[in-house]
Amino acid sequence: MYPALAVARAVRDARPDVDLSYIGGARGLENQLVAAELDLPYYRLNVRSLRTATRDIHLVLDPLRLGASTPQAFLLLGRLRPAAIFTSGGYLAVPLVAAARARRIPTLVWEGNVMPGRATRAVGRLATRVAVSFPPTLAAFGAKGFVSGTPIRSFAGIDRGAARSSFGVSDADRLMLVFGGSQAVARFNAALGEALPRLVDEWRVLHLAGVGGIDAALEARERLPAGLRERYAVEPFLTDRMADALMAADLVVGRAGSSTCAELAAVGVAAILVPYPYAGAHQRLNAAWLAEQGAAVMVSDEELDGARLLLEATALRDDARRAAMADAARKLGRPDAARRLAEELLVMAER
C-alpha cells in the first residue's frame, strides 16, 4: 500500500489537476490508512490475498472472491474510466489488470522483490509496463520491464545531526536501530534481550519492540545497570519519526522487505538483514542481493539469537567497514523512484 501511496503523492505533486482514486481489497485497515495519508476516493474489490493455511474456509472462498472480482473490476473501471492504472502487484492486481486489459486501459505494475510473486508474474503478461526494484528481476518481464527502484517516503530535508540529537545520540556514539516491522518481532526481541547487557557497552540501541514486546523490553531495560539504561531506548513503534531514526542510525537490524531495503539504500546505512522466513524466498533473495553488493550482512531467522547478534554487532563496530557498507548501499539507492514511476504513469495516461 505505501509504495502505491508514494506514487500517488508524486503524481499529485507533478500534476495537481489530475484526479486520483484508490482501489483496495476487502481485508485490513487500508481504507482508513488511505484516507489518513492522502484522502483519496476509495473503492473496494472482493478479492483478498490467497492463503496457504489448511482447513480454513477461506481456502474455498478466496478463489471464488478472486473470480468474482474480475467482473466487479470491469464494471468499476467502466464507471471511473481512468486514463492509466498503477498497481503494486499482489492478488488484487489480477482482476484489476485483467479488467484494464479488456477495457484497453494502460497499466503500470510494480514488483518490489528480487523474485517476483506469482500474481505479479501472471499480471506482468497483461500489463503495459512492469517496473522493478532490483536489476535481476528484469529477466522475468522482458522488454516491457524497467528498473525504477522502490517508491518510498522522502528523506529530503532531514539533517542527520539534528536527527541524532533528537534521539539523544552524540557524534561519538554508535546508534543501532532494531526493528522487525510487522513480521515476527518476537525473534528480534528475544535476541536483543539476550545480547543487551553486553551490547550497550558498545552501542546505543533504539529498539522498536512492537506493542506485544514493549513490556518485556522495558523490563530488560530496568535490569541493566543504572548507568547504562539511558543507552537503551525502547518504543513500540515509530510513525512520523521513523525517517529520522533511519537517518540517525549507524547500523540497522531489520527484515528484508522491499521497502526496508530501499530505505536503507536511500539513506546509506549498514545493515544486518534477517529475512522473514514465511515470505517464500522473497526476503531471502532481497537480503542476499544487498549482501552480494557489500551493503549488508545476512543472518537467517533461525540463526538469530543473542550470541549471533552480539558477534555481528561486534564486527561492525569497525567504522571503516560500516562506512564501506553504507557507501555500497548508497550506490544502490534510487530515492527518486516515486517520481520516476509517476512520470511514467502520466506519460502512459496521455498516450
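Coordinates for the structure precede this section.
I will try to describe carefully the structure that is included in this document. (Residues numbered from 1 in each chain as written. Predicted model: local features only at pLDDT ≥ 70, side-chain atom pairs only at ≥ 80, totals over all residues. Heavy atoms only, no water.)

### Some words on the environment of Ala191
At step 1: Assignment of secondary structure puts Ala191 in helix 7 (residues 185-199).
At step 2: Ala191 sits 112 residues away from Glu303 along the chain, and the two C-alpha atoms are 9.9 Å apart. (Helix = DSSP H or I, 4+ residues; strand = E, 2+ residues; numbered from the N terminus.)

### Points about a nonpolar patch on the surface
At step 1: A contiguous nonpolar patch, built from Tyr2, Leu29 and Leu33 and spanning about 310 Å² of accessible area, is present on the exposed surface.
At step 2: By the secondary structure assignment, Tyr2 is in helix 1 (residues 2-14). (Patch = residues over 30% accessible without salt bridge, like charges linked within 9 Å, V, L, I, M, F, W, Y side chains within 5 Å. Areas by Shrake-Rupley, 256 points an atom, 1.4 Å probe, with all protein chains shown as cover. Salt bridge = Lys/Arg side-chain N within 4 Å of Asp/Glu carboxyl O.)

### What to know about helix 8 (residues 214-223)
At step 1: Buried residues of helix 8: Ile214, Ala217 and Ala220, and no others. Projected onto a plane normal to the axis of helix 8, the buried residues spread over an arc of 120° and lie on a single side. Turned more than 90 degrees off the buried face of helix 8, the exposed positions are Asp215 and Arg223.
At step 2: Packing partners of the buried residues in helix 8 comprise helix 7, strand 8 (204-208) and strand 9 (232-235). (Buried < 20%, exposed > 50% of the residue type's maximum accessible area, 1.4 Å probe, protein only. Arc of directions from axis to C-beta. Contact = heavy atoms within 4.5 Å.)

### A look at the packing of aromatic side chains
Any two aromatic rings considered together are summarised by their centre-to-centre distance and by the angle between their planes.
At step 1: Considering all chains together, one arrives at three aromatic pairs under this definition.
At step 2: Taking the centre distance of 5.6 Å and the plane angle of 15° together, the rings of Tyr22 and Tyr42 count as stacked. Residue Tyr22 is found in strand 1 (residues 22-24), and its partner Tyr42 is found in strand 2 (residues 42-44); the two are separated by 20 residues along the sequence. Tyr42 shares its class with Tyr22; the two are buried.
At step 3: Plain terms: the ring middles of Phe134 and Trp289 are 5.3 Å apart, the flat faces sit at 75° to each other, and that makes the pair edge-to-face. One end of the pair, Phe134, is in the loop between strand 5 (129-132) and strand 6 (145-147); the other, Trp289, is in helix 11 (residues 282-292), with 155 residues separating them in the sequence.
At step 4: Its relative accessible area of 5% is what places Phe134 among the buried residues. (Phe/Tyr/Trp six-rings, centres within 6.5 Å; stacked < 30°, edge-to-face > 60°.)

### A word on the sheet that holds strand 11 (residues 270-273)
Within a sheet, adjacent strands bond to each other through the backbone by hydrogen bonds, running parallel or antiparallel.
At step 1: Within the open sheet, the six strands sit side by side as 9-8-7-10-11-12. Their pairing is parallel. Strands with a single pairing partner mark the edges of an open sheet, and in this sheet they are strand 9 and strand 12 (296-298). Neighbour-to-neighbour, the strand axes of this sheet turn through a mean angle of 15°, independent of strand direction.
At step 2: In terms of strand pairing, strand 8 meets strand 9 through four bridges, oriented parallel. Considered in strand 9, the bridge of Leu206 is made with Ala233.
At step 3: Packed onto the sheet, helix 13 (residues 319-332) meets strand 10 (251-254), strand 11 and strand 12 and runs at close to 85° relative to strand 11. (Pairing = 2+ DSSP bridges. Axes fitted to C-alpha atoms, helices over the stretch in contact; angles between N-to-C directions.)

### Examining the sheet that holds strand 4 (residues 107-111)
At step 1: The four strands are arranged 3-4-5-6 in an open sheet whose pairing can be described as parallel. Of all the strands in the sheet, just strand 3 (85-87) and strand 6 have a single pairing partner and so form its edges. When the angles between neighbouring strand axes are averaged without regard to direction, this sheet yields 20°.

### Let's talk about the pattern of salt bridges
At step 1: In this structure the tally under the stated criterion is 24 salt bridges.
At step 2: The salt bridge involving Arg164 is made with Asp250; its shortest N-O contact spans 2.9 Å. Highlighted residues: Arg164 in helix 6 (residues 160-166) and Asp250 in the loop between helix 9 (242-248) and strand 10, separated in sequence by 86 residues.
At step 3: Taking the relative accessible area as the measure of exposure, Arg164 reaches 4% and is therefore buried.
At step 4: Asp327 is the partner of Arg330 in a salt bridge, and the nearest nitrogen-oxygen pair spans 3.9 Å. In this pair, Arg330 and Asp327 are both assigned in helix 13, three residues apart and thus about one turn of the helix distant.
At step 5: Exposure remark for Asp327: the relative accessible area of 33% places this residue in the partly exposed category.

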